[in-house]
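Fold and geometry: a report
Here are the chains, one letter per residue:
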Amino acid sequence: MRRRGHEEEKPHNQERWLITYSDLITLLLIFFVVMYSISVLDLKKFQSMASSLSQVLAGKELSILEERGPSIVQGKSGEELRLEEIQRQLEEYAQLNGLDTSVHIFQEERGLVISLNDTVLFAKGKADLTPKAQAVIAKVGGMLATIPNQVRIEGHTDNLPINTPEFPSNWELSTARATNVLRFLLEHSHLAPERLSASGYGEYRPVAANDTEANRAKNRRVDIVIVKSKYESVEPKVGR
């Protein structure tokens, strides 16, 4: 007989090792999930984060853009953001006013280009701005007044020769068109004259082959170029 008051010895739990094994499996599962997440990390987001971090360490200003989806810190300069906003507003204006096929806005290395087909600006073979052209250029001038950048106005023609008392060649026609756009901006948008320049390229800077009327129409244009500030160092200086 067992002694009275002596506690009955509890049986040894033979399955305690399963708890440790279960914990180990859980940790391994978590480890592999983390490793998988790292392996499929979006490279662009990683590069953006790395770029932003390097700019912070260099003391540069960062801007936060809220796009579709989570907010991402972008290393874009204030100038880049302003040019993008101008492009957005002008594209919206062109669409609302049925100018999609005659006004083209795009980014180049040198800056933002606002390309206006001659059909929206001038009568055939003429350099005087039409009333419709004045409205479009006034809108562009309002955008230019919000930024300090240099602005180039560049006239272009197709390769069909012109020979009139007013315009002996396409050089004169393209230059006169660019100059008239510049004068309108000066008189109606009150831009500082030292910000503006005009040039005529004649037929020698085409954007399409001059083999059809549709392509020649693309080449007859005036480009208003908002020059990025990093290229101002190569511009002629006042008083030089």
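Below, the structure is looked at part by part. Bear in mind the structure is a predicted one, so any value in this text is a computation, not a measurement.

Inspection of the secondary structure puts H156 in strand β5 (residues 151-156). With a relative accessible area of 3%, H156 lands in the buried category. When residues no more than four places from it in sequence are discounted, the contact partners of H156 are S174, Y201, G202, R205, N219, R220, R221 and D223.

With that settled, consider the packing of helix α4 (residues 131-144) against helix α5 (residues 170-189). The contact between α4 and α5 brings their axes to 10 Å, and the two run at 65 degrees. Classified by chirality, the crossing of α5 by α4 is right-handed. Across from Q134, I137, A138, G141, G142 and L144 in α4, the residues of α5 making contact are V181, F184, L185 and S189. Of the residues belonging to the contact of α4 with α5, the class tally is six nonpolar, four polar and no charged.

With that settled, the discussion passes to empty space enclosed by the protein. For the structure shown, the criterion picks out one cavity of 30 Å³ or more. Here the largest cavity is characterised by a volume of approximately 40 Å³. Along its surface, the largest cavity is lined by L90, Y93, A94, V103, I114, V136 and V140. Per element, the largest residue contribution to the lining of the largest cavity is three residues, and it comes from helix α3 (residues 78-96). Within the lining of the largest cavity, the residues separate by chemical class into seven nonpolar, no polar and no charged.

With 34 residues, the main nonpolar core has L116, I153, V181 and I224 as its most contacted residues. Those elements that place two or more of their residues in this core are α3, β3 (103-108), β4 (111-117), α4, β5, α5 and β7 (221-227). A per-element tally of this core places α4 first, with six residues. Once residues within four sequence positions are removed from consideration, L116 is found in contact with S102, V103, L121, V136, I137, R220, R221, V222, D223 and I224. Grouped together as the second largest cluster of nonpolar side chains are five residues, I162, F167, L173 and A176 included.

Below, the discussion takes up a nonpolar patch on the surface. Taken together, Y21, L24, I25, L28, F31 and F32 make up a surface patch of nonpolar side chains, about 610 Å² in accessible area. Relative to the helices and strands, I25 resides in helix α1 (residues 17-39). Exposure remark for I25: the relative accessible area of 40% places this residue in the partly exposed category.

The phi angle at H190 is positive, at roughly 55 degrees, despite the residue not being glycine. You can see H190 is positioned in the loop between α5 and β6 (196-200). For H190, a relative accessible area of 68% gives the class exposed.

What counts, and where the lines are drawn
Residues numbered from 1 in each chain as written. Predicted model: local features only at pLDDT ≥ 70, side-chain atom pairs only at ≥ 80, totals over all residues. Heavy atoms only, no water. Helix = DSSP H or I, 4+ residues; strand = E, 2+ residues; numbered from the N terminus. Buried < 20%, exposed > 50% of the residue type's maximum accessible area, 1.4 Å probe, protein only. Contact = heavy atoms within 4.5 Å. Axes fitted to C-alpha atoms, helices over the stretch in contact; angles between N-to-C directions. Left-handed = near helix turned anticlockwise from the far one by under 90°. Nonpolar A, V, L, I, M, F, W, Y, C, P; charged D, E, K, R; others polar. 1 Å grid on protein atoms, 1.4 Å probe; cavity = no way out; pocket = protein on both sides within 12 Å on 5 of 7 lines; lining within 4 Å. Points joined across faces, edges and corners; volume = space filled by probe spheres on them. Core = buried A, V, L, I, M, F, W, Y, C linked by side-chain atoms within 4.5 Å. Patch = residues over 30% accessible without salt bridge, like charges linked within 9 Å, V, L, I, M, F, W, Y side chains within 5 Å. Areas by Shrake-Rupley, 256 points an atom, 1.4 Å probe, with all protein chains shown as cover. Salt bridge = Lys/Arg side-chain N within 4 Å of Asp/Glu carboxyl O.

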